[in-house]
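Okay, here's what each chain looks like letter by letter:
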Amino acid sequence: MITKTLAHPPVVSTDIWLAERKALLADEKELTKQRDRVNAKRRRLPMVKLEKTYRFDGPTGPTTLLDLFEGRLQLLVYHFMFAPEWDNGCSGCTGLVNALGDLSMLGDRDTTLVLVSRAPLAKLEAYKARHQWTLPWVSSFDSDFNYDFHASLDPAVAPMQYNYRDLSSLDEQEHYTAGERHGMSVFFRIDDDVFHTYSTYARGCEGLTDAYSLLDLTPYGRQEDFEESPSGWPQQPTYG
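Right, let's walk through the structure included here. (Residues numbered from 1 in each chain as written. Predicted model: local features only at pLDDT ≥ 70, side-chain atom pairs only at ≥ 80, totals over all residues. Heavy atoms only, no water.)

Assigned secondary structure in the protein chain consists of seven helices and 12 strands. With the principal axes as the frame, the protein chain shows a C-alpha extent of 65 × 45 × 40 Å. Within the protein chain, buried positions represent 34% of all 240 residues. Residue pairs at least 24 apart in sequence account for 59% of intrachain contacts in the protein chain once pairs closer than 6 positions are excluded. (Helix = DSSP H or I, 4+ residues; strand = E, 2+ residues; numbered from the N terminus. Buried < 20%, exposed > 50% of the residue type's maximum accessible area, 1.4 Å probe, protein only. Contact = heavy atoms within 4.5 Å.)

Looking now at the pattern of salt bridges. Side-chain pairs of opposite charge can arise where the charged atoms are in close proximity. Within this structure, the stated rule accounts for 10 salt bridges. For Glu30, the salt bridge identified is with Arg37, shortest N-O distance 2.6 Å. The partner of Asp216 in a salt bridge is Arg222, and the shortest N-O contact between them spans 2.8 Å. Residue classification places Arg222 among the buried residues on the basis of a relative accessible area of 10%. One connected set of salt bridges, linked through shared partners, spans Arg203, Glu206, Asp216 and Arg222. (Salt bridge = Lys/Arg side-chain N within 4 Å of Asp/Glu carboxyl O.)

Two faces, one strand: in a regular strand the side chains alternate between the faces of the sheet. The two faces of strand β2 (residues 55-58) differ: Phe56 and Gly58 on one face are buried, but Arg55 and Asp57 on the other face are not. Of the pairings in the sheet, the one linking β2 to strand β3 (residues 61-64) comprises four bridges and is antiparallel in character. Looking at β3, one finds that Arg55 is bridged to Thr64. Hairpin geometry of β2 and β3 is characterised by an intervening segment of two residues between the two adjacent antiparallel strands. (Pairing = 2+ DSSP bridges.)

Extensive coverage of strand β11 (residues 183-190) is indicated by the burial of six of its eight residues. Bridge count for β11 against strand β12 (residues 193-201) is eight bridges, and the pairing is antiparallel. Residue Phe187 lies in a different strand from β12, and its bridge partner there is His196. Remark: two residues form the turn of the hairpin made by β11 and β12, two consecutive strands paired antiparallel; Asp191 in that turn has positive phi of roughly 55 degrees.

Further remarks concern the packing of aromatic side chains. Within the structure shown, the criterion is met by 17 aromatic pairs. Between Phe80 and Tyr127 the ring centres are 6.5 Å apart and the planes differ by 70 degrees, which places this aromatic pair in the edge-to-face class. With Phe80 in the loop between β4 (74-79) and α3 (91-99) and Tyr127 in helix α5 (residues 121-131), the pair connects residues that are 47 residues apart, well separated along the chain. According to the relative accessible area criterion, Phe80 is buried, its value standing at 1%. The interplanar angle of 85 degrees and the centroid separation of 5.2 Å between the aromatic rings of Phe149 and Phe187 together place this pair among those described as edge-to-face. Placement of Phe149 in the loop between α6 (145-148) and β7 (152-153) and of Phe187 in strand β11 is noted, with a sequence separation of 38 residues between them. Neither residue differs from the other here; Phe149 and Phe187 are each classed as buried. In this structure an aromatic cluster arises from ring pairing among Tyr78, Phe80, Phe82, Tyr127, Trp133 and Trp137. (Phe/Tyr/Trp six-rings, centres within 6.5 Å; stacked < 30°, edge-to-face > 60°.)

An α-helix turns once per 3.6 residues; consequently, residues spaced three or four apart project the same way. Within α3, the full set of buried residues consists of Cys93, Thr94, Leu96 and Val97. Along the long axis of α3, the arc covered by the buried residues comes to 160 degrees, so they all point the same way. Residues of α3 that are buried sit in contact with β4, β5 (111-117) and α5. (Arc of directions from axis to C-beta.)

Judged by side-chain polarity, Val12, Ile16, Trp17 and Leu18 come together as a nonpolar surface patch covering roughly 370 Å² of accessible area. By the element assignment, Trp17 lies in helix α1 (residues 14-43). (Patch = residues over 30% accessible without salt bridge, like charges linked within 9 Å, V, L, I, M, F, W, Y side chains within 5 Å. Areas by Shrake-Rupley, 256 points an atom, 1.4 Å probe, with all protein chains shown as cover.)

The next point concerns the side chain of Ser152. Position of Ser152 among the secondary structure elements: in strand β7. In this structure the side chain of Ser152 is engaged in a polar contact, spanning 3.2 Å, whose partner is the side chain of Asn146. A polar side-chain atom of Ser152 sits 2.8 Å from a polar atom in the side chain of Glu180. Not counting the four nearest positions on each side in its chain, Ser152 is found in contact with Arg118, Asn146, Tyr147, Gly179 and Glu180. (Polar contact = N/O pair within 3.5 Å; in protein donor to acceptor, adjacent residues only side chain to side chain.)

Here we take up unusual backbone geometry. Here the phi dihedral of Glu70 falls at roughly 55 degrees; this positive angle occurs in a residue that is not glycine. When you line up the elements, Glu70 lands in the loop between α2 (65-68) and β4. One non-glycine residue with positive phi stands out, namely His150, at about 60 degrees. Inspection of the secondary structure puts His150 in the loop between α6 and β7.

Below is the structure:
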């Protein structure tokens with residue numbers, strides 16, 4: 001009979017654990033301060049006025065990017081991966097939306113969140129109903145929107161770029177070189193003028209929900225192969 005040894009952190013005395021925990025606490029405090037510094041830079045990022053009037057297909061009919069603000073000043077657009085030919089949305093994007101909690105604070109802060117995908121509206125509505133979601137979700141099927149904001153990659157439509165890297169620097173192993181990609185784009189409006197302030201992609205979206213943050217607190221972490229973990233820790237491919 002073969003007994004498999006369970007991988008686990010080393011067992012030490014309380015005094016040794018406390019000393020190492022205090023050392024880690026110093027690193028955690030510095031990480032918090034660095035996050036605050038980065039957020040401060042993001043708030044000072046300049047913005048670009050949009051010259052196109054992007055149009056979408058929504059539940060109440062044709063709608064513009066300006067309409068998606070719902071009268072508020074700030075708009076968050078999550079680029080949900082759902083290609084026109086797919087029958088289901090991306091499992092990762094689905095998990096992200098499922099994990100979103102109470103978003104009422106957004107409205108209180110003059111901010112709207114909307115999902116945008118290239119799949120036809122009928123598919124989006126059916127998928128939304130199946131998952132009992134209430135977030136607004138519109139189709140950009142007849143729009144350049146996804147391509148202009150690098151959430152759909154097709155060299156026949158627009159120059160290839162993902163996460164601020166062009167085709168020459170994209171690695172096929174990163175799964176970024178074609179098709180639908182996920183991301184978050186942020187817009188601001190002044191009267192009827194719309195401005196692009198920020199976009200983030202790939203791991204830049206992982207802070208949108210709490211699951212990763214909670215897993216980061218555990219000994220095994222996220223259990224994905226990009227992590228630097230001790231030998232024997234359970235891991236699986238980040239992009240399966």
